[in-house]
Amino acid sequence: MHTKKVDDKKVSYVEHHGKEYPIDYHSTADAGVFGGGITSFYDFSITKNVMSMFLVCFFMGWFFISIARTYKKRAGMAPTGKQGLFESMFVFIQDEVAKPFLGHKWEKYLPLLMTLFFFILGLNLFGQVPFFGGSNVTGNLAVTAVLAIVVFIVVTVSGNRHYWEHTLWMPGVPAVLKILILTPVEFLGLFIKPVTLMLRLFANITAGHMVIAIFVGLIFLFGQGSTMPSLATAVPAALLTIFMMAIELLVAFIQAFVFTILTASYIGAATEEAHH
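Below or above, wherever it landed, is the structure these notes cover. (Residues numbered from 1 in each chain as written. Predicted model: local features only at pLDDT ≥ 70, side-chain atom pairs only at ≥ 80, totals over all residues. Heavy atoms only, no water.)

## Brief notes about the overall build of the protein
Part 1 of the reasoning: Along the protein, the regular secondary structure elements total 7 helices and 3 strands.
Part 2 of the reasoning: For the protein, the succession of helices and strands along the chain, N to C, is β-β-β-α-α-α-α-α-α-α.
Part 3 of the reasoning: Expressed as a percentage of the 276 residues in the protein, the buried residues total 33%.
Part 4 of the reasoning: Counting contacts in the protein only where the partners sit at least 6 residues apart, residues at least 24 apart contribute 58% of the total.
Part 5 of the reasoning: Entry remark: accessible area of the protein is about 17,600 Å², with carbon and sulfur atoms responsible for 72%. (Helix = DSSP H or I, 4+ residues; strand = E, 2+ residues; numbered from the N terminus. Buried < 20%, exposed > 50% of the residue type's maximum accessible area, 1.4 Å probe, protein only. Contact = heavy atoms within 4.5 Å. Areas by Shrake-Rupley, 256 points an atom, 1.4 Å probe, with all protein chains shown as cover.)

See the structure below:
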């Protein structure tokens, strides 16, 4: 493979049986400024993250359907096993998140909140499964961005007159302050909220995976050229990795809860009625 300059741009070629074939650029959104471009083909193959989402959705769907059937069979009886475990989480999100933030409209948005919570939780826990799992789905900006966009659309569509009035033109505030400071800040806040949702989930999940990778990498870093340093580093690195995986298990629940409670707070602010 070699590179030539064509029209002041570097083009890579590969030789095969004495002939040169140009190599496609990686598709980028920079319009060619940084050497990228648009490839001549589209790759729609299923990635590891996409497959992980399919598996999690299938498993969670099967799991909740089986729980629903258990409720029908045990109508009026105390929940047991997985039924009791998931009912406690469901009731917690309902009573501590949906009702306090959404008021009398909590039933309307409860399916969205539950879907977000269990979807993110399922992906986070699946990423903790060694060998079979290990995918960092919620550590992918594309995934967290789509979740944030869904929340942004719901908040924007659900916003009532009181919400938009206080966002774009706050009554009782001098016009100079509205035009110069408050209205621009509030308008930017509409887009900053979903961005923070996206970055918070991405950063927290990615950070844990990076720390684990660093601890494992220490074994090979100190073991270059000799076996003893590698063995001496392996034990503490393994212990730290196990500790971090335990912390990551806790973070999986916390981040799912944080994303859900922030979503509820944003929707609650958009649907709140005016108080006189």
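## A few points about the packing of helix α1 (residues 48–73) against helix α2 (residues 82–102)
Part 1 of the reasoning: In contact at an axis separation of 10 Å, α1 and α2 are set at 105° when each is read in the N-to-C sense. Classified by the interaxial angle, the pair formed by α1 and α2 is roughly perpendicular. From α1, Phe63, Phe64, Ser66, Ile67, Thr70 and Tyr71 reach across to α2, where they touch Lys82, Gln83, Phe86 and Glu87.
Part 2 of the reasoning: A class-by-class count of the residues in the contact of α1 with α2 yields 5 nonpolar, 3 polar and 2 charged. (Axes fitted to C-alpha atoms, helices over the stretch in contact; angles between N-to-C directions. Parallel < 35°, antiparallel > 145°, perpendicular 65-115°, else oblique. Nonpolar A, V, L, I, M, F, W, Y, C, P; charged D, E, K, R; others polar.)

## Quick look at empty space enclosed by the protein
Part 1 of the reasoning: Within the structure shown, the criterion is met by 1 cavity of 30 Å³ or more.
Part 2 of the reasoning: Quantified by volume, the largest cavity comes out at close to 40 Å³.
Part 3 of the reasoning: Taken together, Leu123, Asn124, Gly127, Gln128, Ser135, Asn136, Val137, Thr138, Ile205, His209, Glu248 and Ala252 form the lining of the largest cavity.
Part 4 of the reasoning: Listed by contribution, the elements that provide at least two residues to the lining of the largest cavity are α3 (106–126), α6 (175–222) and α7 (228–271).
Part 5 of the reasoning: Here the lining of the largest cavity is built from residues that sort into 4 nonpolar, 7 polar and 1 charged. (1 Å grid on protein atoms, 1.4 Å probe; cavity = no way out; pocket = protein on both sides within 12 Å on 5 of 7 lines; lining within 4 Å. Points joined across faces, edges and corners; volume = space filled by probe spheres on them.)

## Focus on helix α4 (residues 141–158)
Part 1 of the reasoning: With 18 residues, α4 extends 25 Å from end C-alpha to end C-alpha; this agrees with the ideal 26 Å at 1.5 Å per step.
Part 2 of the reasoning: Within α4, burial applies to Val143, Thr144, Ala145, Leu147, Ala148, Val151, Val155 and Ser158. (Expected span 1.5 Å × (residues − 1).)

## A word on the side chain of Asn124
Part 1 of the reasoning: Within the element layout of this structure, Asn124 appears in helix α3.
Part 2 of the reasoning: Ignoring anything within four residues of it in the chain, the contact list for Asn124 reads Thr138, Ile205, Ala252, Gln255 and Ala256.

## With respect to the packing of aromatic side chains
Part 1 of the reasoning: This structure, assessed with the given rule, holds 12 aromatic pairs.
Part 2 of the reasoning: For the pair Phe59 and Trp62, a centre-to-centre distance of 5.9 Å together with 40° between the ring planes defines the contact as tilted. Taken together, the residues Phe59 and Trp62, both in helix α1 and 3 residues apart, mark about one turn of the helix.
Part 3 of the reasoning: For Phe59, a relative accessible area of 45% gives the class partly exposed.
Part 4 of the reasoning: When the centroid spacing of 5.0 Å and the interplanar angle of 75° are considered together, the rings of Phe64 and Phe118 count as edge-to-face. Separated by 54 residues along the polypeptide, Phe64 in helix α1 and Phe118 in helix α3 bring together distant segments of the chain.
Part 5 of the reasoning: Accessibility expressed as a relative area gives 5% for Phe118, which makes it buried.
Part 6 of the reasoning: Every member of this aromatic cluster is reached through a ring pair, and the members are Phe59, Trp62, Phe63, Phe64, Phe86, Phe117 and Phe118.
Part 7 of the reasoning: The ring centre of Trp106 lies 4.9 Å from the NZ or CZ of Lys99, which sits over that ring. (Phe/Tyr/Trp six-rings, centres within 6.5 Å; stacked < 30°, edge-to-face > 60°. Lys NZ or Arg CZ within 6 Å of the ring centre and 35° of its normal.)

## Observations regarding the nonpolar core
Part 1 of the reasoning: Membership of the largest hydrophobic core comes to 44 residues, with the highest contact counts inside it found for Phe117, Phe118, Val155, Leu197 and Phe259.
Part 2 of the reasoning: The element contributing the most residues to this core is α3, with 12 residues.
Part 3 of the reasoning: Not counting chain neighbours up to four residues away, the residues in contact with Leu197 comprise Ala148, Val151, Phe259, Leu262, Thr263 and Tyr266. (Core = buried A, V, L, I, M, F, W, Y, C linked by side-chain atoms within 4.5 Å.)

## Some remarks on the environment of Asn140
Part 1 of the reasoning: Relative to the helices and strands, Asn140 resides in the loop between α3 and α4.
Part 2 of the reasoning: Sequence spacing of Asn140 and Met198 is 58 residues, and the spatial spacing of their C-alpha atoms is 9.6 Å.
Part 3 of the reasoning: Non-local contacts of Asn140, meaning those with residues more than four positions away in its chain, are made with Asn49 and Phe202.

## Section: the pattern of salt bridges
Should their charged atoms come close, side chains of opposite charge can pair.
Part 1 of the reasoning: On inspection of all chains with the given rule, the structure shows 1 salt bridge.
Part 2 of the reasoning: The shortest N-O distance in the salt bridge between Lys99 and Asp95 comes to 3.5 Å. A residue pair is termed a helical-turn pair when its members lie 3 or 4 positions apart in one helix, as Lys99 and Asp95 do in helix α2 at 4 residues. (Salt bridge = Lys/Arg side-chain N within 4 Å of Asp/Glu carboxyl O.)

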